[in-house]
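These are the residues of each chain, in order.
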Amino acid sequence: MVALVRNLLRLPPAADAGSQQDMVRPWWARVGILFWLCVGWLLLIGLSAIFADVLPIQDPLTTNLDGQFLMPFADGYVLGTDGVGRDMLSRIVHGARISMLLAFTAPFLSLLAGLALGMSAGYFRGRVDAAVGIFTDSILAFPNIVGVMVVLFFLGATLPVMILALAFFGIPAEVRVARANTILFAEREFVLAARAQGASHLRIMVRELLPNVIVPMLSLVLFGMSIVIIIEGGLAFLGVGFPPPTPSWGKMIADGFEEIARAPQVTFVPAGVMFLTILSLNMIGDRLRALTDVKASAV
Amino acid sequence: MTRRLTRSYLYAGAALFAGAALLTSGAQAADTPKRGGKLTVAVQQDVAGFDNFRVLSFAHFRQYILQAIYERMFEVDGDTREIKPVHALDATPSDDFKSWRVTLRKGVKFSNGEDLNADAYVTHFTRLLTGKKGRFAGRYRRLMGPYLEGVEKVDSHTVDFKFRVANPGFKDMAAQPNMSWWVTAPKYLAENQAKPEFNEKPVGAGPYMLKEWRDGAFVRLVRNPNYWNKDGQYLDELTFLFIPPEVNRVNALKAGNADIIYVSRGFIPELKKDPNITVVSGPRLSVGQSIGFNHSKPPYNDIRVRKALIHALDRQKVTCAHTGICRDRAENDMYGEGHPWHCPAVKWPEHDPAKAKALIDEYVKETGKPITFNVDHFPNAQAEKTVTAMIDMWRKVGISATQKAGPRGPGFIRPLLSGKFDIFTFVENFSNADPSLVATRFHSKHPSSRQFHLKNPRIDAAVEKVNSATGTAERKKASCAYQQVLADEAALIVYDHPQMHIAYRNHVKGVKKPFGYTFDAHRLWVDK
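Residues numbered from 1 in each chain as written. Chains lettered and ligands numbered in written order. Predicted model: local features only at pLDDT ≥ 70, side-chain atom pairs only at ≥ 80, totals over all residues. Heavy atoms only, no water.

## Some remarks on the overall build of chain B
In plain terms, the rule: By the criteria applied, helices consist of DSSP H or I runs no shorter than four residues and strands consist of E runs no shorter than two, each listed in order from the N terminus. This radius of gyration counts C-alpha atoms alone. The globule rule is 2.2 Å times how many residues there are, raised to the power 0.38. Each residue is placed in one exposure class: buried if its accessible area under a 1.4 Å probe, protein chains only, is under 20% of its type's maximum, exposed if it is over 50%, and partly exposed if it falls in between. Throughout, a contact is declared for two residues whenever any of their heavy atoms are within 4.5 Å. Shrake-Rupley sampling with a 1.4 Å probe provides the accessible areas, and residues are treated as covered by the protein chains on show and by no other component. Counted charges follow a simple rule, with Lys and Arg positive, Asp and Glu negative, and His plus the chain ends left uncounted. Where a charge lies is defined by one atom per residue type: Lys uses NZ, Arg uses CZ, Asp uses CG and Glu uses CD.
On a plain count of helices and strands, chain B comes out with 16 helices and 20 strands. Taken over the C-alpha trace, chain B has a radius of gyration of 26 Å; the compact-globule value for 528 residues is 24 Å, and the two agree within 12%. In terms of principal-axis extent, the alpha carbons of chain B reach across some 90 × 75 × 45 Å. Residue burial in chain B is summarised as follows: out of 528 residues, 57% are buried. Taking the contacts inside chain B whose residues are at least 6 apart along the sequence as the reference set, 69% of them involve residues at least 24 apart. Accessible surface computed for chain B: about 22,200 Å², of which carbon and sulfur atoms make up 53%. One way to put it: in chain B the 76 positive side-chain charges average out to a point 2 Å from where the 56 negative ones average out.

Below you can see the structure in the form of structure tokens.
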């Protein structure tokens, strides 16, 4: 999909982002217009979510049983109404809070845990590496969506539980990247020099390795953000997401599915918003990864 | 000139006559049952097996399938509402209605060649009432009529159904399709019931028998070679496809991948637009959609609060939330429009938010406690939307409520059984063909009354009047009086009563108006 959009907009391929011609241009020009469109979309969604309570939109919980399944722009509803006449725009804006909150917490918690465990494994190796390997392999034994479903079933589908569950099942990917990069940098000259000067393990890990390891991991976080949004949608579709009437994008899609023949907009409007958000996160992640590849090779 | 005109009239008349005759013969040909062909029915879920003692399911999609395999004593013609003899020829009550003598049809055989006789009935009902130490007996009794004590053999083809109290509605109940009436071959039962595969290999006396059951995919039935009425076996093959989401079943019907489906109200306008599809509707003999209070705990033990909650609701609007298609008015009793026991005159606390607010203010002022609660509901989209709409209506009069969908599967009823609930939505799927069945569940001594913890002397007295009345008119009067007491006491909130809607492609013939909780796929034929 990313390659398709790139071709449509005639953008240079990601691998070319670090070419000689590109290197002379400032970074903000090198990332391309699509990158900034994506940033703009995410800003729009993020700001709408933050200021949802003060925006001139309807209460997302107020029903209007005289106006069910209204099409966009009918009776003053910009994005139409759902099966009980609730304003779709308002629910999408308030639903963005859930999606954005999950996207900006769970992957960062995974990143923190992944960094700590992955760097320890990559730096100390031996038993620490083996223990961390068993831990990550054990988590990977469960498909993440099934694991999160089990947790939510027993502990209840609340926001903190979902954040922690998603963060937990996101740890293995972060651990593997952190470990691999730590192994890569742990034998480099600047680390050996620090070690020769008597620096402690903690100092070496934080001051010497972390700045090099964290850069590729940040782009992974962006992919993690899109994954947690998708998982939230999948869980809502399976009926184990947030309880009604809490608006969330996944729940809106699931609610609309039953009526897809009669009122397809009830499903496709939130699905479109989710699609654009995930596409934006992936595009930004893709671009940032291309930029950080250049930096890594320059170290 | 006159002669020419007369001749023209004669020719025209002859042509008209011939045309009419052709049309009539065409219509007759279409109505004449045709043997052969295959019928595919799309249903929402798998059957989980065919032994009704092992699979304690009252689900209607299961009934479509199992009644084709087992058949029953009587059936109701959906168009005429006439009770037709099937495996039984007649049923006669004793003077006190505590016993019904049923004469069985001779020559009825199971698909394995065994006779369906009095012994088969006695074996079957003894198993239902005493098997596993009788702990499941209540489930069957509530379908067959309360207080069934047992079935006794009179001669080889006559049995007596014995009840502890009068049961004037027995024949109506016996005509309803449910798992209690589906008798299996006694010798086959004795030899095989301990085997694990017994649940997968049914032997019934219905027109069709199992050819193949692919778990989660389909059940395929073929003609039973020992069926008693060979003229009534039209189809070569009857297949039930399991397609869980309703929208997919509707699409399967439109695409011609299914011939007939059960459909909810929301899809009717869409299906009626299709010239190849016909929709017929009839009453569903169940209690319908309601919500019940936990009467054992405050504030629901206070009639002011219960009435306030009903006053706050626009019950007619709630019907819009349920399927997206509004009904002209909300249901007002436990039977619903078209049901023989429907009571149209019952009056409920009217929609009056001001009155609701005044009652709530009075209660809060007196107790100092705000009214907040949770509504547990069935885990489907319709129930969820209905409760969402109700909560919004309550919110407008200052009541704060949350909602929680139960887990999928039978576990959704756990809060009700444990008593840990405030308000519980329920769709009563048990047959309510007669008032002596689940409609009387709110009597404090009814086994199900503990679910809602109702101990209301007015309701008890009204139920006792229903149970002691004899004669159709007297029973109907008592039944409607009971429905009014339920409304006056705000014992529950009735809001909708789904009808049974059957949508089928036009080549499917023999479809009757549904009456009950299923339709008879095994009585249909195809004319392609």
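## Quick look at the sheet that holds strand β7 (residues 158-163) of chain B
The strands making up a sheet are joined through hydrogen bonds of the backbone, oriented either antiparallel or parallel. All names here are of chain B. The test is simple: Only when DSSP finds a minimum of two bridges between them are two strands counted as paired. To define axes, lines are fitted to C-alpha atoms, for helices over the stretch in contact only, and angles between the resulting N-to-C directions are given on a 0 to 180 degree scale.
Judged by pairing direction, the sheet is antiparallel, and its four strands sit side by side in the order β4-β5-β7-β6 without closing on themselves. Strand pairing shows two members of the sheet lacking a second neighbour, β4 (88-93) and β6 (148-155), which therefore form its edges. The average angle at which neighbouring strand axes cross in this sheet is 20 degrees, direction not considered. As paired elements, β4 and strand β5 (residues 99-104) share five bridges and run antiparallel to each other. Paired with A88 across the strands is L104, a residue of β5. Against the sheet, helix α3 (residues 118-130) touches β5, β6 and β7, its axis set at about 165 degrees to β6.

## A word on the pattern of salt bridges
For clarity, the threshold we go by: Between Lys or Arg on one side and Asp or Glu on the other, a salt bridge is scored when a side-chain nitrogen of the former is within 4 Å of a carboxyl oxygen of the latter.
A full pass over the atoms with the stated rule returns 37 salt bridges over all chains. Connected through salt bridges with shared partners, the residues K38, K211, E212, R214, R220 and E237 of chain B form a single ionic network.

## Observations regarding the interface of chain B and chain A
Quick reminder of the rule: Accessible area that two parts lose when put together, with a 1.4 Å probe and added across both, is what the buried area reports. N or O atoms within 3.5 Å of each other form a polar contact, as long as, within protein, one can give a hydrogen and the other can take it, and as long as residues adjacent in sequence are counted only when both atoms are side-chain atoms.
Taken together, the contacts link 28 residues of chain B with 26 residues of chain A. A buried area of about 1,900 Å², summed over both sides, lies between chain B and chain A, and 54% of it is on carbon and sulfur atoms. In this structure, the salt-bridge partner of D66 of chain A is K317 of chain B, at a minimum N-O distance of 3.2 Å. Where chain B touches chain A, the interface holds six residue pairs in polar contact (both at pLDDT 80 or more). When contributions to the side of chain B that touches chain A are tallied by element, the ones reaching two or more residues are α7 (246-255), α10 (315-323) and α12 (381-395) of chain B.

## Thoughts on unusual backbone geometry
Most peptide bonds take the trans configuration, and most residues that are not glycine carry a negative phi. The peptide bond linking P244 of chain A to P245 of chain A adopts the cis configuration, its omega dihedral lying at 5 degrees. Looking at where P245 of chain A falls in the secondary structure, it is placed in the loop between α10 (201-237) and α11 (249-257). Along the chain, P298 of chain B connects to P299 of chain B via a cis peptide bond; the corresponding omega equals 5 degrees. Relative to the elements of secondary structure, P299 of chain B occurs in the loop between β13 (288-293) and α9 (303-312). One non-glycine residue, F69 of chain A, lies in the positive phi region at around 55 degrees. F69 of chain A sits in the buried class, given a relative accessible area of 13%. We note that F73 of chain A has phi near 70 degrees; this positive angle belongs to a residue other than glycine. Mapped onto the secondary structure, F73 of chain A falls in the loop between α4 (33-50) and α5 (88-124). The class of F73 of chain A is exposed, set by a relative accessible area of 66%.

## What to know about the nonpolar core
Residue and element names in this part refer to chain B. Which entries qualify depends on this criterion: To define a nonpolar core, start from buried Ala, Val, Leu, Ile, Met, Phe, Trp, Tyr and Cys residues and group those joined through side-chain atoms within 4.5 Å.
The biggest cluster of nonpolar side chains holds 79 residues, and the ones touching the most others in it are L39, I65, M73, F161, L238 and F240. Looking at which element gives the most residues to this core, the answer is helix α2 (residues 60-70), with seven residues. Among residues more than four places away in sequence, those in contact with F161 are M73, K98, S99, W100, V102, Y121, F125, L148, G150, V151, F170 and W181. With 64 residues, the next largest nonpolar core counts L313, V438, A462 and I493 among its residues.

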